[in-house]
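# Close look at the chain arrangement
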Amino acid sequence: MAITSSTNTIGLLNLQTNGKHWNMDLPLFRSSHLKVRRFKRIFKCASQVNDISVEVVKPEIDFKDPDWKKHFQEDFDNRFRLPHLTDILDVKPRPTTFSLKSRGPLGDGNGAPMDTWYGYVNDDDRALLKVIKFASPNSAGAECIDPDCSWVEQWVHRAGPRKQIYYEPKEVKAAIVTCGGLCPGLNDVIRQIVFTLEKYGVKNIVGIQFGYRGFCDENLREVPLSHQVVQNINLAGGSLLGVSRGGPSISDIVDSIQAKAIDMLFVLGGNGTHAGANAIHDECRKRKMKVSVVGVPKTIDNDIQLMDKTFGFDTAVEEAQRAINSAYIEAQSAYHGIGLVKLMGRSSGFIAMHASLSSGQIDICLIPEVPFKLEGPNGLLQHLEHLIKTKGKAVVCVAEGAGQELLQKSAALDASGNVVLGDIGVHIQQQIKRHFKNIGVPADVKYIDPTYMVRACRANASDAILCTVLGQNAVHGAFAGFSGITTGICNIHYVYLPIPEVIRSPRRVDPNSRMWHRCLTSTGQPDFC
Ligand SMILES: Nc1ncnc2c1ncn2[C@@H]1O[C@H](COP(=O)(O)OP(=O)(O)OP(=O)(O)O)[C@@H](O)[C@H]1O
Ligand SMILES: O=P(O)(O)OC[C@H]1O[C@](O)(CO)[C@@H](O)[C@@H]1O
Ligand SMILES: [Mg+2]
């Protein structure tokens, strides 16, 4: 596998097993050798893995250079600089039309900003990306840049309304598109984008139907959006505009943006959608178009880098918890009951980990980041046998991407090119039944797969607030003249980030993190190696 170079990466681990290629960041120093040893241990654990090769790309920083911190910070500032219309176009700003001081009963949003109102964000405002000072690379979850774990400030741009804007609101045509899978809160974000655009004075707002596909399918017309249209859409789950995977080429999408005369494009989606948004931004730049492309990260999997969480994740966890509760009740009420719940999480086990933690009812949590064995003295089945003997019941939660090496490999891809996973839930269910039959111990296995139920619901309170802030900030970012950016929450502050930095690789549960250790403490499960 080719090693992709990433300037945010001090080292990069290229790990090959007989069945799989894993390309992982060593996000920051954390003693490469320690980390390699740990990965080797983890991967040897998986029963199908018998060939491991590991390569660590040498750190690019020369820590002997007395100025290395300065160089690191300069490089960091460059990487996190937000692309702006003025990078390629000679456009001049004008005073903003957004002011909460100037709102009148008609809400026309056209009042002049008041100099005495301190509600604007300064372009030089920053928020800290990393807030823990680790004393040692061996501290749990440590991310260190150098072997001494020196403190290096990493600042990112604060999100919010600016005093100067780069568009004439009355002339703006803004479009919103939602791509990928569903996620609770999509409608809340659409609604806030529309409200905020109108607050600036934008009249021409449209929705693109069914993801990127809607740009080029003649049967899919633009949907006019206004306060009235979106007023109550947050009361239902799903997306008013529809979603899809796959779709037209970037150049066809940009042709369509040009033909439709769109000035601002708000893109709601996960890592694939953001890769698309960034490519659209690049192509618009190449064509010298005055277009702001702004993302709002959407994924119940919570697999976007650098953010505290993505919208929809909390709601998905809450829904998942209901399924776990049902599995628990079934297991408790049956003789030798075993409840098994499969949850979404293609390559990241955040939903499974958080739902296990929040329910407090899980004995075994299985995630893609931590391989496990079914058979043998340290295997999952042996532990289940022990739980049935000692507690009389057991509840297991498995993320859909976990234990894929235990299943027959398939080459199938979805329309976006994502690998179609094997059904680990069904496999584990069958193996548990077979095992208990073989040992002559009765076991009543109840399997629950709430997959689409956890994401087709309406956003809960905390997600609704997050969606509101992100939707508003997306509009502020576009009016400020940024493009190729996304908006998120970072250490409880709201920030703008350049898209490439958040999609370098999917965010995964770190098996060395305190959160995973807390989950293990809560379930009491052993390592299944
Ligand atoms: N590398 C890429 N470059 C350009 N467009 C992409 C890329 N990857 C995916 N896309 C497009 O982005 C859209 C959504 O991608 P995908 O289906 O992977 O969902 P996602 O945004 O990752 O969300 P989810 O979290 O639901 O998987 C699709 O229309 C797909 O064609
Ligand atoms: O069936 P679909 O729509 O392709 O979505 C399934 C995928 O969506 C996700 O929830 C990401 O949105 C993954 O966890 C899951 O693999
Ligand atoms: Mg994706």
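Residues numbered from 1 in each chain as written. Chains lettered and ligands numbered in written order. Predicted model: local features only at pLDDT ≥ 70, side-chain atom pairs only at ≥ 80, totals over all residues. Heavy atoms only, no water.

Let us look at empty space enclosed by the protein. Taken as a whole and judged by the stated rule, the model has one cavity of 30 Å³ or more. Empty space within the largest cavity amounts to approximately 50 Å³. Taken together, the residues of the lining of the largest cavity break down into five nonpolar, three polar and one charged. (1 Å grid on protein atoms, 1.4 Å probe; cavity = no way out; pocket = protein on both sides within 12 Å on 5 of 7 lines; lining within 4 Å. Points joined across faces, edges and corners; volume = space filled by probe spheres on them. Nonpolar A, V, L, I, M, F, W, Y, C, P; charged D, E, K, R; others polar.)

Applying the stated criterion across every chain yields a total of one disulfide. Across the disulfide from cysteine 144 sits cysteine 149; the S-S distance is 1.8 Å. Residues cysteine 144 and cysteine 149 share a disulfide whose torsion about the S-S bond is about 60 degrees; that sign makes it right-handed. By the burial criterion, cysteine 144 is buried, and cysteine 149 matches it. Here cysteine 365 stays unpaired: no disulfide links it, and the sulfur of cysteine 519, its closest cysteine neighbor, is 4.2 Å away. (Disulfide = S-S within 2.5 Å. Buried < 20%, exposed > 50% of the residue type's maximum accessible area, 1.4 Å probe, protein only.)

Here the focus is the site of ligand 2. Taken together, Arg245, Ile300, Asp301, Met344, Gly345, Arg346, Glu400, Tyr452 and Arg455 make up the full set of residues near ligand 2. A distance of 2.4 Å separates an oxygen atom of ligand 2 from a polar side-chain atom of tyrosine 452. One of the side-chain N or O atoms of arginine 455 is found 2.8 Å from an oxygen atom in ligand 2. Compared with its free state, where it exposes 400 Å², ligand 2 has 80% of that area covered by protein. (Near = heavy atom within 4 Å. Polar contact = N/O pair within 3.5 Å; in protein donor to acceptor, adjacent residues only side chain to side chain. Areas by Shrake-Rupley, 256 points an atom, 1.4 Å probe, with all protein chains shown as cover.)

Our next topic: the packing of helix α9 (residues 380-390) against helix α10 (residues 424-438). Viewed as axis vectors pointing N to C, α9 and α10 meet at an angle of 60 degrees, and their least axial separation amounts to 11 Å. What the angle tells us is that α9 and α10 run oblique. You can see that α9 and α10 cross each other, and the crossing is right-handed. In this structure, α9 contributes Leu380, Leu381, Leu384, Glu385 and Ile388 to the contact, and α10 contributes Ile428, Gln431, Ile432, Arg434, His435 and Phe436. Looking at side-chain class alone, the contact of α9 with α10 contains seven nonpolar, two polar and two charged residues. (Axes fitted to C-alpha atoms, helices over the stretch in contact; angles between N-to-C directions. Helix = DSSP H or I, 4+ residues; strand = E, 2+ residues; numbered from the N terminus. Parallel < 35°, antiparallel > 145°, perpendicular 65-115°, else oblique. Left-handed = near helix turned anticlockwise from the far one by under 90°. Contact = heavy atoms within 4.5 Å.)

For the structure on display, the rule yields seven aromatic pairs. Through pairs of rings, three or more aromatic residues link up here, namely Phe98, Tyr167, Tyr200 and Phe479. (Phe/Tyr/Trp six-rings, centres within 6.5 Å; stacked < 30°, edge-to-face > 60°.)

Once that is clear, we can look at the site of ligand 1. Surveying the vicinity of ligand 1 reveals 17 residues, the closest of which are Gly181, Gly246, Asn271, Thr273 and Ser416. Contact between ligand 1 and glycine 246: an oxygen atom at 2.5 Å from a main-chain N or O atom of the residue. Contacts to ligand 1 include glycine 270, whose backbone N or O atom sits 2.9 Å from an oxygen atom. Taking 620 Å² as the accessible area of ligand 1 by itself, protein coverage stands at 78%. Counting residues per element, the shell around ligand 1 draws most heavily on helix α6 (residues 271-286), at five residues. Split into classes, the residues belonging to the shell around ligand 1 amount to two nonpolar, 12 polar and three charged.

Let us now look at the sheet that holds strand β13 (residues 337-343). Pairing is parallel in the open sheet, where four strands are placed in the order β14-β15-β13-β16. What marks the edges here is a single partner per strand, and that holds for β14 (364-366) and β16 (444-448). Strand-to-strand, the axes of this sheet are offset by a mean angle of 15 degrees, without reference to chain direction. Bridging between β13 and strand β15 (residues 393-399) involves seven bridges; their strand directions are parallel. Each bridged residue has a counterpart across the sheet, and for lysine 342 the counterpart in β15 is valine 398. Here helix α7 (residues 313-333) sits on the sheet and contacts β13, β15 and β16; the angle it forms with β13, its principal contact strand, is near 165 degrees. (Pairing = 2+ DSSP bridges.)

This part covers the pairing of strand β18 (residues 493-498). Across two bridges, the pairing between strand β6 (residues 155-158) and β18 is antiparallel. Looking at the pairing, histidine 157 lines up with tyrosine 496 of β18. Where strand β17 (residues 485-490) and β18 come together, six bridges link them in antiparallel fashion. When the sheet's bridge partners are listed, threonine 486 is paired in β18 with leucine 497. Where β17 hands over to β18, the hairpin turn is made up of two residues, of which asparagine 491 adopts a positive phi near 55 degrees.

Our focus in this paragraph is α7. For an α-helix, 3.6 residues make a turn, and residues three or four places apart therefore share a direction. With 21 residues, α7 ought to run about 30 Å at 1.5 Å a step, and its terminal C-alpha atoms sit 30 Å apart, in line with that. Where α7 is concerned, the buried positions are Phe313, Thr315, Ala316, Val317, Glu319, Ala320, Ala323, Ile324, Ala327 and Ala331. Close packing links the buried residues of α7 with β13, α8 (350-359), β15, β16 and α11 (461-479). (Expected span 1.5 Å × (residues − 1).)

Now for the pattern of salt bridges. What the rule picks out here adds up to 22 salt bridges. Here arginine 162 and aspartate 123 are joined by a salt bridge, their closest N and O atoms 2.8 Å apart. Here arginine 162, found in the loop between β6 and β7 (164-165), pairs with aspartate 123, found in the loop between β4 (94-95) and β5 (126-128); they are 39 residues apart in sequence, far enough to count as distant. Given a relative accessible area of 4%, arginine 162 falls into the buried group. Relative accessible area serves as the criterion here: at 41%, aspartate 123 is assigned to the partly exposed category. Connected through shared salt-bridge partners, Asp255, Glu283, Lys286 and Arg287 make up one network. (Salt bridge = Lys/Arg side-chain N within 4 Å of Asp/Glu carboxyl O.)

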